[in-house]
Amino acid sequence: MVGMMQTGGQIPTLDVRGLTLRFGSVEVLREVTLQVPSFGITALIGPNGAGKTALLNAVTGIYRPQSGQVLLDSEDITGLPAHVIAKKGIGRSFQHLELFQRLTVIENLLVFRDRHFSGNPLAALWFLGKTARQEAEQRAAAEDVIDFFELWPYRDAVVTGLSYGTQKIIGVTRAMAMSPRLLLLDEPASGLTREEKENLARFILRLRSDWKVPILWIEHDMDLVMDLADRIYVLELGHCIASGTPSEIRDNLEVRKSYLGAT
Ligand SMILES: Nc1ncnc2c1ncn2[C@@H]1O[C@H](COP(=O)(O)OP(=O)(O)OP(=O)(O)O)[C@@H](O)[C@H]1O
Ligand SMILES: [Mg+2]
């Protein structure tokens, strides 16, 4: 692979090693190796159908890879069920929203936060105080992310009536509401206006600087990626063809030929 990146000897938050994923005879991912360091924004780019979403699905347990490994802070999570992986602290926003359209914004966030909820309903009868405290903590955390993403005007609004751009931000907010140790974003900027994209860029930069959550960010908008990413991986036909800093990727001939030149 071109330009294998150094992570300064630190353990990466996400370490994907030689991941291969097939559906029947179709190889969707071929020995993909990629690392998300514990700080900063790692972008994943590549043409439509390259396997970017499939990679997130394989990392989060929605798809089961045929071979390779996925390590989260050095723990092997390969092939674990999706709900188990989510509980380990991977937050994700989806390319196609997947919000609960009939719930309000705050309800969408609280539903997702149950990773932190340890009381079961029966036990709750006996430990009412503890559970109430947990619920208060969950609400406080949800309110924090609502504040952060400036969603106060929509807090109690039902999602279905909100603009597409606002819904995309809610998707990112919901992923952050579970205080993840790794944030995966699947094309958060697609379908946004220029102004909405600038707003999103501001949030992504603040997630890096203030919340210090490591981010793996799938994106088609090259201006945004080149401006914001600390490092970039390029996927083509299920294979990682390059990785490096934005300027290294911009100057990479293979990438220019196969991807950037075509856009
Ligand atoms: N469940 C599945 N069954 C069969 N093939 C699949 C499945 N999921 C994805 N694929 C195939 O895997 C390839 C990669 O798809 P994927 O959605 O990961 O691309 P992508 O890089 O996210 O593209 P885009 O930029 O358009 O979102 C495609 O050829 C797709 O048809
Ligand atoms: Mg996709």
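Computed from a predicted model, the values in this text were never measured in an experiment.

> Pulling in residues and values, what's your account of the sheet that holds strand β4 (residues 67-72)?
The sheet built from 4 strands is open, its strands ordered β2-β1-β4-β5 with antiparallel pairing. On the outer flanks of this sheet lie β2 (26-36) and β5 (75-76), each paired with one strand and no other. One ladder, built from 2 bridges, connects β4 with β5; its direction is antiparallel. Across the sheet, the residue bridging to L72 is E75, located in β5.

> With reference to specific residues and values, describe helix α6 (residues 164-177).
Over its 14 residues, α6 runs 20 Å from end to end, which matches the ideal 20 Å to within 8%, given 1.5 Å per residue. For α6, the tally of buried residues reaches 13 of 14 residues, placing the bulk of the element in the interior. Backbone geometry just after α6 places S179 at a positive phi near 45°.

> Before we move on, can you summarise the confidence of the model for the protein with the specific residues and values?
Close inspection of predicted coordinates is inappropriate for parts of the model with low pLDDT. Of the residues in the protein, 87% reach a pLDDT of 70 or more, and the chain-wide mean stands at 88. Residue range residues 115-119 is modelled with pLDDT below 50. Its contacts to residues more than four positions away, or to other chains, number 14 contacts.

> Give me the lowdown on the pairing of strand β7 (residues 182-186), citing residues and values where you can.
Of all 5 residues in β7, 5 are buried, a share of seventy percent or more. Burial along β7 is two-sided: L182, L184 and D186 and L183 and L185, pointing in opposite directions, are all buried. Of the pairings in the sheet, the one linking strand β6 (residues 90-93) to β7 comprises 4 bridges and is parallel in character. In the strand pairing of β7, R92 is matched with L184. Judged from the 4 bridges that link them, β7 and strand β8 (residues 215-218) form a sheet pairing that is parallel. In the strand pairing of β8, L183 is matched with I215. The handedness of the β7 to β8 crossover, carried by helix α7 (residues 194-211), is right-handed.

What counts, and where the lines are drawn
Residues numbered from 1 in each chain as written. Chains lettered and ligands numbered in written order. Predicted model: local features only at pLDDT ≥ 70, side-chain atom pairs only at ≥ 80, totals over all residues. Heavy atoms only, no water. Pairing = 2+ DSSP bridges. Helix = DSSP H or I, 4+ residues; strand = E, 2+ residues; numbered from the N terminus. Expected span 1.5 Å × (residues − 1). Buried < 20%, exposed > 50% of the residue type's maximum accessible area, 1.4 Å probe, protein only. pLDDT = per-residue confidence, 0-100. Contact = heavy atoms within 4.5 Å. Right-handed = clockwise from strand over helix to strand, strands pointing away.

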